[in-house]
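# Topology and contacts: notes
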Amino acid sequence: MTPKRKQKLFVILGLVSLAAIAVGLTLYALRANINLFFSPVQIAQGDAPMERQIRAGGMVKEGSVSRDPESLDVEFTVTDYVDDLEVYYSGILPDLFREGQGVVVVGELQADGRLYADKVLARHDENYMPPEVAQALEEAGYSPADYQAKAAEVGKRLDEEGVPQASEY
């Protein structure tokens, strides 16, 4: 092999090695930042990782919202009508957050089975259900249309009873 060919071979091997290292580091960085979606059923089965940031979603269970009057701490239960997930959140809730509505929460699942949320996403009305929640309900054998009707019914009843929404607190 001539010295010139040998030099070209080392350059090509060096570039391939650098590209492999770059791809490996990129995949490692992305793995640490991926937020996977889990339903309450999957969390109850133990499919969700502990103490890693995840997204969980479902419907806010009626009668489960509990606010601390001296702080912004809120406790509520997210359900897919099969299993429930207790969520703790400290902060201002979205205006459309209320019982019977679909929500997606982002946070860490702790060993005690509770999710400590960093974000609560509820940017929809009673006729909309996040796609992840709808898919999780379908996989559990339930029709999302039934829950949309139930959410509308709960919303009307809460309005009639005068239960304040999150924006009114």
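Computed from a prediction, not measured in an experiment: that's the story for all the values here.

### Notes on the confidence of the model for the chain
On average, residues of the chain score 81 in pLDDT, and 76% of them are at 70 or above. Element-level pLDDT for the chain is lowest in helix α4 (residues 144-161), with a mean of 64, against a maximum mean of 93 in strand β5 (residues 84-90).

### What to know about the pairing of strand β4 (residues 73-79)
With five of seven residues buried, β4 is to be regarded as a mostly interior element. Summarising the sheet, strand β2 (residues 53-60) and β4 pair through two bridges and their orientation is antiparallel. Its bridge partner being in β4, M59 is matched across the sheet by T79. Hairpin remark: strand β3 (residues 66-67) followed by β4, antiparallel, with five residues in the connecting loop. Sheet analysis places β4 next to β5, joined by seven bridges and oriented antiparallel. Residue pairing across strands places V78 opposite L85, the latter belonging to β5.

### A short note on the environment of V87
Its location among the elements puts V87 in strand β5. When the C-alpha positions of V87 and V65 are compared, they lie 9.7 Å apart, and in sequence the two are 22 residues distant. Residues in contact with V87, not counting those within four places in the same chain, are V74, E75, F76, V78, V105, L115 and A117.

What counts as what
- Sequence order as written defines residue numbering, which begins from 1 separately in each chain.
- With pLDDT at 70 or above as the cut-off, local features in this predicted model cover only qualifying residues; side-chain atom pairs require 80 or more to be listed or tallied, and sums for whole chains, interfaces and linings still use all residues.
- Hydrogens are left out, water is left out, and the side-chain values use all remaining heavy atoms of the structure.
- Each residue carries a pLDDT value, the predictor's own confidence for that position, ranging from 0 to 100.
- We count a stretch as a helix when DSSP gives it H or I for four or more residues in a row; a strand needs E for two or more, and each element gets its number in order from the N terminus.
- The rule is simple: take the accessible area with a 1.4 Å probe, protein chains only, and divide by the maximum for that residue type; under 20% is buried, over 50% is exposed, in between is partly exposed.
- Following DSSP output, two strands are said to pair if at least two bridges run between them.
- We call two residues in contact whenever any of their non-hydrogen atoms come within 4.5 Å of each other.

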